[in-house]
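# Results of the structural survey
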Amino acid sequence: MRSIWTQNIDIRKRDCLKENIETEVAVIGAGLAGILIAFQLQRAGKKVVVIEGNRIASGQTSHTTAKITSQHGLVYHRFIREVGEEKAKQYALANESAIDEYRKLIKEEKISCDFEEKCSYIFSDDEMELQEELEAVNQLGLSAELVRRLSIPISCTGAIRFDHQAQFHPIKFIKAISESLTVYENTPVTSVEGHRIKTKGGEVQAEKIVFATHFPFINFPGMYFARMHQERSYVLALKGAGQVDGMFLGEGKNAYSFRNYGDFLLFGGEGHRTGENKGGGRYDALRKKAKELFPDSEEVAHWSAQDCITVDSIPYIGNYTSEKNDWYVATGFQKWGMSHSMVSAMILRDLICGNENPYSEVFDPSRFVTKDIKNIAKEGGVAVKGLVKRVFQLPEETAMGLPKGHGGVVELEEEKVGVYKDFDGKLYVVDIRCPHLGCQLEWNPDERSWDCPCHGSRFDYHGKLISNPAQEDIYFE
Ligand code: FES
């Protein structure tokens, strides 16, 4: 189902690339991050083109809850402990300045995108955690308060409130700012070598290349697959649930998200690592909770989101690697793609234009601290588990035994394949090996998709690629 953002709004279609071109900067990826990066660079006087494998905003930008905030969970106490006060402050101020930049840009460009200033709240049952976070944000100079009563029907010990945060309509916004940009849609990149981007229709020769593709698809150098995984979460748009006064997210057992858009309440939760949704039931669990909290509400839409999670919860924004001076990356936004997209746009604009940016250091993709070794090993461990399954796991089902509307790994002509049986009994067979690095894909019953537990690539039941880092489909031949 389409999210409420994409219903009734169409972004102007662009041609695919059909010739060889040259430019100063090429941005790969036309989600919010890619478009904002291109927009800021163009404003700074650079000649920029954007290359997109699908359509503008066809990925995660259409599936967000669209909160613009510097409050990303109860993170600041941990950040001060793990990366130090100075870098924690850079993180906070970068995101605060992203909110200001949205405000300024929307006013200057007269963009009608339902931008509204709101308070942001993170609620929890852990008093000590709340107190520590309050102390941390005060130490960083952010204005925050610990409050005990909330306008949502969830009981909790308290919440940290940040004032002057915001929410908006992401598709109305991206439609407006992409208007003046040169974007080539339906132009998947087949390879990138040095300053040359190859596609089926032509090549782009660029002095600088920005990878803004949600999850970077070049494995070496960079090895982003070893330091990031992906997580999914689910959203319901409810009618008749009333108004909540702000944007809310829970920590711990009540990890639910709330915000209004007009008369609708966007209610989210039920997150899990991509590729780990055996048995499904995520939407049903969310619906059950929605009925309990908002008995008079009615569902009008549902959708899901996918987020890149880094080992230290801080995005990678900057040079792709120290070996590639003219390649840049923006990825690993956790669940905060709106504010981190703008942070990326401001940092990469400054780096590419040769200007200092006061907040870039904390996001430097080349950072590596001792504690990361443990987490990187953990990411690798999950990936190895996926690879081992590919080799040793026996098929769970036979194609004949699969119930209608279900998918599973089966043996077909002595080969292990993925099969989905639709409600008419028709079988759809796919290659079960992820084309990224070969892990075994898992059936996701909630989305009727094949998801990779290693780095989060996803495919529909026909075998068509939905989410990278994989670059190819998994059609069975
Ligand atoms: Fe990396 Fe599947 S996404 S192996």
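To keep things clear, this report deals only with the structure shown in the data block.

Thresholds applied
- Counting starts from 1 at the beginning of each chain's written sequence and moves along it residue by residue.
- Note on the predicted model: pLDDT of at least 70 is required for a residue's local features to be given, and 80 or more for side-chain atom pairs to be given and counted; whole-chain, interface and lining totals, by contrast, use all residues.
- Only hydrogens and water are removed before side-chain values are computed, so all heavy atoms of the structure are retained for them.
- Secondary structure elements follow DSSP: runs of H or I of four or more residues count as helices, runs of E of two or more count as strands, with numbering from the N terminus.
- Residue burial is assigned from relative accessible area. The probe radius is 1.4 Å, only protein chains are included, and a residue is buried under 20% of its type maximum, exposed over 50%, and partly exposed in between.
- Contacts are residue-level and defined by heavy atoms, with any inter-residue pair within 4.5 Å sufficient.
- Throughout this description, a polar contact denotes any pair of N or O atoms lying within 3.5 Å of each other; where both atoms belong to protein, one of them has to be capable of donating a hydrogen while the other can accept it, and for residues adjacent in sequence the pair is counted only when both atoms sit in side chains.
- Cysteine sulfur pairs qualify as disulfides if the two atoms are within 2.5 Å.
- By definition, two strands form a pair when at least two bridges between them are found by DSSP.
- One less than the number of residues in a helix, times 1.5 Å, gives the span that helix is expected to have.

## Details of the environment of Asp 460
For Asp 460, the position within the fold is in strand S23 (residues 458-460). Asp 460 sits in the partly exposed class, given a relative accessible area of 21%. Counting along the chain gives 17 residues from Asp 460 to Trp 443, while the straight-line C-alpha distance between them is 10.0 Å. Those residues in contact with Asp 460, other than ones at most four positions away along the chain, are Arg 448, Trp 450 and Ile 466.

## Comments concerning the side chain of Thr 64
Looking at where Thr 64 falls in the secondary structure, it is placed in the loop between strand S2 (48-51) and strand S3 (67-68). A polar side-chain atom of Thr 64 sits 2.7 Å from the main-chain amide nitrogen of Ala 66. Excluding anything up to four places from it in sequence, Thr 64 contacts Trp 5, Pro 170, Trp 303 and Met 338.

## Quick word on the state of the cysteines
Linking two cysteines covalently through their sulfur atoms gives a disulfide. Summed over the entire model, instances satisfying the criterion amount to one disulfide. The side chain of Cys 439 participates in a disulfide bridge whose partner is Cys 454; the two sulfur atoms lie 2.0 Å from each other. Linking Cys 439 and Cys 454, the disulfide has an S-S dihedral of approximately -90° and is accordingly described as left-handed. Here Cys 439 is found in the loop between strand S20 (427-431) and strand S21 (442-444), whereas its partner Cys 454 is found in the loop between strand S22 (449-451) and S23, with 15 residues between them in sequence. Across this residue pair, the class does not change: Cys 439 and Cys 454 are buried. Looking at Cys 156, it has no disulfide partner, and the nearest cysteine sulfur is the one in Cys 119, 15 Å off.

## With respect to the pairing of strand S11 (residues 228-239)
Where a strand is regular, its side chains alternate between the two sheet faces. A large share of S11 lies buried, amounting to ten of its twelve residues. Relative to strand S15 (residues 298-310), S11 is paired through twelve bridges, and the arrangement is antiparallel. Within the sheet, the bridge partner assigned to Ala 237 lies in S15 and is Ala 301.

## Points about the pairing of strand S17 (residues 324-331)
Where strand S10 (residues 203-211) meets S17, three bridges bridge the pair, whose relative direction is parallel. Among the inter-strand pairings, Ile 209 is bridged to a residue of S17, identified as Trp 327. Note that strand S16 (residues 316-321) and S17 share five bridges and pair antiparallel. Within S17, the residue paired with Tyr 316 across the bridge is Thr 331. What sits between the antiparallel neighbours S16 and S17 is a turn of two residues.

## Quick word on helix H1 (residues 32-43)
Here H1 contains twelve residues, and its C-alpha end-to-end distance of 16 Å stays within 8% of the 16 Å for a straight helix at 1.5 Å per residue. With respect to burial, H1 is a largely interior element, ten of its twelve residues being buried. Immediately downstream of H1, the backbone of Gly 45 shows phi near 100°, a positive value.

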